Amino acid sequence: MNQDTNRDSQWREELRNSLTAKQRTSIPRVVMPQLNPQYRITCNHEVNQGLSPVQAVLEATRCLDCPDPQCIHGCPVSINIPSFIKNIERGETLIAAAVLKQTSALPAVCGRVCPQEKQCESRCIYNKMKKQPVAIGYLERFAADFERENIKINHLEPKKETVACNGINIAVVGSGPAGLSFAGDMIKRGYNVTVYEALHEIGGVLKYGIPEFRLPNSVVEAEIDGLRAEGVKFIKDCVVGKTISYDQLHEMGYKGIFVASGAGLPRFMGIPGENFVGIMSSNEYLTRINLMGAGQSGEDTPVLKGNCVAVVGGGNTAMDSVRTALRQGAKRAMIVYRRSLDEMPARVEEVHHAQEEGVEFMTLSNPVEYLADENGRVRAMKVQRMELGEPDASGRRSPMPIEGAIEEIAVDLVIVSVGVSPNPLIPNSIPQLEVSHRGTIVVNEESMKSTLPDLYAGGDIVRGGATVILAMGDGRRAAVAMHKALSEHSL
Ligand SMILES: Cc1cc2nc3c(=O)[nH]c(=O)nc-3n(C[C@H](O)[C@H](O)[C@H](O)COP(=O)(O)OP(=O)(O)OC[C@H]3O[C@@H](n4cnc5c(N)ncnc54)[C@H](O)[C@@H]3O)c2cc1C
Ligand code: SF4
């Protein structure tokens, strides 16, 4: 796909010449239509509404179709960005979607949740001109949604690529983005692929973590249906390492195993009072609401509600939790974060949306103790005020406590979102597997191969909590390497 066909080169050349670079760069970046903040906190509807066809074509027109497109180098799965964008410009949106699918199993997901500002868009040539980059993420979402809607409207089956089956069985452990991306790439190469998932839903964090108002489940389902149509089999409610073992997978005839079991183990701060009622991890809070329907009519799963909710942390998970708390009826919802806004790891758009919705940002603040009422329910948190010192190993300025600056804040629900660790079950259940001191599976960075000959791993189980697109990139690299090894009969 990196090599354009002659016909592609011809229409691209004509399109390039249809407007001057000056005309293209004078078009302002599109603004994503979104729901009004006052309305959207009353419901779970998706905040970003997607571009109209006219907006998409205009935004696509901004792209200069650079001869050496640096945006591609910013994409962990190397999407041919100018090719899909120029197809949108010339009105061939289904071809644009096909270009996306060549390297990404989940473009409608990535178009919504990838941190484009740190990846592809950060490399766009517009930045050098001190202009806003081409809205690559919005366009990715547009093309993927257009294809999905087209399939729905025309009652089509998701497109099935016909590949001769080679009869070799491959198992995938975990159905998050790493597992799905790997499964998609291996099925395209002709393998029999079965994905084992511990939960009763397929999709990993895309389903149980990221809320509906940011990533509707119907979008994730449609991408999974596409994989099903290509032949990927899914087995739910099966915990590998408990329900079935690694050895049993071998006995069942699997010749290669890709472990993508994620980092679902929440971390806590270990400060006094953290066990009080009303303090829980983001993981628990979001899983109850997103996966188990807590708070929705007709659902049995309970979830604590708070009037005054503090979410500790500054990542995407913290933003999702605090915005969920607002939608659950919180009167005051705060982010408590020990550094400043500039150091926050969350996507810029999520921070912006949270601000629009009325979330308070208590930055340079770190909880040091919780206080409870007579029933053991949290009633307040003591917060240490911080200032920024020298940069630490992460390159961000490190937070230092300001002596004596401690404040007490009334809260009745605290959601702790200070990071996650790898799910320990698989590493613990396979003694021969090399595991790092952080609990991540040790792999070769190129091939994603572990210390066991047939076991490859990728995504958060290898990186610790990272991103969707990095997990997908791992899945892609593992598929290339496992296919090569199996083709050479070296497993
Ligand atoms: C709330 C939240 C919001 C986020 N927002 C963003 C965002 O906006 N953008 C972004 O890029 N990233 C975001 N992330 C991070 C991103 O979702 C993860 O990096 C990504 O999902 C990791 O993918 P994965 O496939 O490695 O693991 P996961 O998505 O965690 O999937 C792992 C799957 O494996 C299953 N599993 C675990 N153990 C077993 C077992 N023993 N047997 C069978 N199955 C098992 C789990 O149930 C799970 O379904 C967010 C994370 C969270 C929690
Ligand atoms: S760098 Fe920007 S302008 Fe150039 S091809 Fe990529 S998206 Fe288009």
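Here is what the cut-offs are and how they apply
- Residues numbered from 1 in each chain as written.
- Chains lettered and ligands numbered in written order.
- Predicted model: local features only at pLDDT ≥ 70, side-chain atom pairs only at ≥ 80, totals over all residues.
- Heavy atoms only, no water.
- Helix = DSSP H or I, 4+ residues; strand = E, 2+ residues; numbered from the N terminus.
- Buried < 20%, exposed > 50% of the residue type's maximum accessible area, 1.4 Å probe, protein only.
- Contact = heavy atoms within 4.5 Å.
- Areas by Shrake-Rupley, 256 points an atom, 1.4 Å probe, with all protein chains shown as cover.
- Near = heavy atom within 4 Å.
- Nonpolar A, V, L, I, M, F, W, Y, C, P; charged D, E, K, R; others polar.
- Core = buried A, V, L, I, M, F, W, Y, C linked by side-chain atoms within 4.5 Å.
- Domains from an automatic or database assignment.
- Axes fitted to C-alpha atoms, helices over the stretch in contact; angles between N-to-C directions.
- Parallel < 35°, antiparallel > 145°, perpendicular 65-115°, else oblique.
- Left-handed = near helix turned anticlockwise from the far one by under 90°.
- Buried area = accessible area lost by both parts, 1.4 Å probe.
- Salt bridge = Lys/Arg side-chain N within 4 Å of Asp/Glu carboxyl O.
- Pairing = 2+ DSSP bridges.
- Right-handed = clockwise from strand over helix to strand, strands pointing away.
- Polar contact = N/O pair within 3.5 Å; in protein donor to acceptor, adjacent residues only side chain to side chain.

1. Quick look at the overall build of the protein
Phase 1: A tally of regular secondary structure across the protein gives 19 helices and 15 strands.
Phase 2: When its C-alpha atoms are laid out on the principal axes, the protein stretches across 75 × 60 × 50 Å.
Phase 3: Per-residue burial for the protein yields a buried fraction of 53% across its 491 residues.
Phase 4: The contacts of the protein with a sequence gap of at least 6 include a subset with a gap of at least 24, amounting to 69%.
Phase 5: Carbon and sulfur atoms make up 52% of the accessible area of the protein, which totals about 22000 Å².

2. Here's the deal with unusual backbone geometry
Phase 1: Phi is positive for Asp-65, which is not a glycine, with a value near 50°.
Phase 2: Mapped onto the elements, Asp-65 comes out in the loop between α4 (53-62) and α5 (70-73).
Phase 3: Given a relative accessible area of 2%, Asp-65 falls into the buried group.
Phase 4: Backbone geometry places Asp-237, a non-glycine residue, at a positive phi of 55°.
Phase 5: Structurally, Asp-237 can be placed in the loop between β3 (233-235) and α13 (246-251).

3. Observations concerning the site of ligand 2
Phase 1: Taken together, Cys-63, Leu-64, Cys-66, Pro-69, Cys-71, Pro-82, Cys-124, Ile-125, Val-134 and Ile-136 make up the full set of residues adjacent to ligand 2.
Phase 2: Among the residues making up the shell around ligand 2, the classes are represented as 10 nonpolar, no polar and no charged.

4. Brief notes about the nonpolar core
Phase 1: Counting 92 residues, the largest nonpolar core has Ile-81 and Phe-84 as the members making the most contacts within it.
Phase 2: For this core, the element with the most residues is helix α19 (residues 468-487), which contributes 10 residues.
Phase 3: Both domains that meet at this core, namely domain 1 (6-153) and domain 2 (169-264 + 422-487), each give it at least three residues.
Phase 4: In this view, Phe-84 contacts Ile-79, Ala-96, Val-99, Leu-100, Ile-136, Leu-139 and Glu-140; residues no more than four positions away in its chain are not counted.

5. Re the packing of helix α10 (residues 177-188) against helix α12 (residues 217-230)
When two helices pack together, their arrangement is captured by the angle between the axes and the distance separating the axes.
Phase 1: The contact between α10 and α12 brings their axes to 10 Å, and the two run at 30°. One finds that α10 runs roughly parallel with respect to α12. Viewed along their axes, α10 and α12 form a crossing whose handedness is left-handed. The residues of α12 that touch α10, namely those facing Leu-180, Gly-184, Ile-187 and Lys-188, are Ile-224, Leu-227 and Glu-230.
Phase 2: Of the residues that constitute the contact of α10 with α12, the class distribution is 4 nonpolar, 1 polar and 2 charged.

6. Things to note about helix α16 (residues 348-356)
Phase 1: Buried within α16 we find Glu-349, Glu-350, Val-351, His-353 and Ala-354.
Phase 2: Within two residues after α16, Gly-358 carries a phi angle of roughly 100°, on the positive side.

7. Thoughts on the domain arrangement of the protein
Phase 1: Partitioning the protein into structural domains gives domain 1 (6-153), domain 2 (169-264 + 422-487) and domain 3 (266-419).
Phase 2: Taken over C-alpha atoms, the centre of domain 1 sits 33 Å from the centre of domain 3.
Phase 3: Across the boundary between the two partners, domain 1 contributes 16 residues, which contact 11 residues of domain 3.
Phase 4: The largest per-residue losses of area from domain 1 upon contact with domain 3 belong to Arg-40, Ile-41 and Glu-117, which jointly make up 40% of the total buried on that side.
Phase 5: Remark: the boundary between domain 1 and domain 3 carries 2 salt bridges.

8. Points about the packing of helix α6 (residues 81-89) against helix α7 (residues 93-103)
Phase 1: Where α6 meets α7, the closest approach of the two axes is 7 Å, and the angle between their N-to-C directions is 170°. Judged by the angle between their axes, α6 and α7 are roughly antiparallel. Counted together, Ser-83, Phe-84, Asn-87 and Ile-88 of α6 and Thr-93, Ile-95, Ala-96, Val-99 and Leu-100 of α7 form the full contact between these two elements.

9. Considering the pairing of strand β7 (residues 308-312)
Look at any regular strand and the pattern is simple: side chains alternate between the two faces of the sheet.
Phase 1: Burial within β7 is extensive, with 5 of its 5 residues counted as buried.
Phase 2: Here β7 shows no split at all, with Cys-308, Ala-310 and Val-312 on one side and Val-309 and Val-311 on the other all buried.
Phase 3: Pairing between β7 and strand β8 (residues 332-336): 5 bridges, direction parallel. Residue pairing for β8: Val-312 is matched across the bridge by Val-336.
Phase 4: For the handedness criterion, the β-α-β arrangement of β7, helix α15 (residues 316-327) and β8 is classed as right-handed.
Phase 5: In this sheet, strand β13 (residues 413-416) lies alongside β7 in parallel orientation, the contact comprising 4 bridges. Counted as the bridge partner of Val-311 is Ile-415 from β13.

10. Quick notes on the sheet that holds strand β10 (residues 365-372)
Phase 1: Spatially, β10-β11-β12 is the arrangement adopted by the 3 strands of the open sheet, whose pairing is antiparallel. Looking at which strands have only one partner, the edges of the open sheet turn out to be β10 and β12 (397-410). Neighbour to neighbour, the strand axes of the sheet diverge by 20° on average, direction disregarded.
Phase 2: Two strands pair when backbone bridges link them, and β10 and strand β11 (residues 378-391) are joined in this way by 7 bridges, in the antiparallel orientation. Within the sheet, the bridge partner assigned to Pro-367 lies in β11 and is Val-383.

11. Quick notes on the side chain of Ser-321
Phase 1: Within the fold, Ser-321 resides in helix α15.
Phase 2: Classification of Ser-321 as buried rests on a relative accessible area of 0%.
Phase 3: Among the polar contacts made by the side chain of Ser-321, one reaches the main-chain carbonyl oxygen of Thr-317 at a distance of 2.8 Å.

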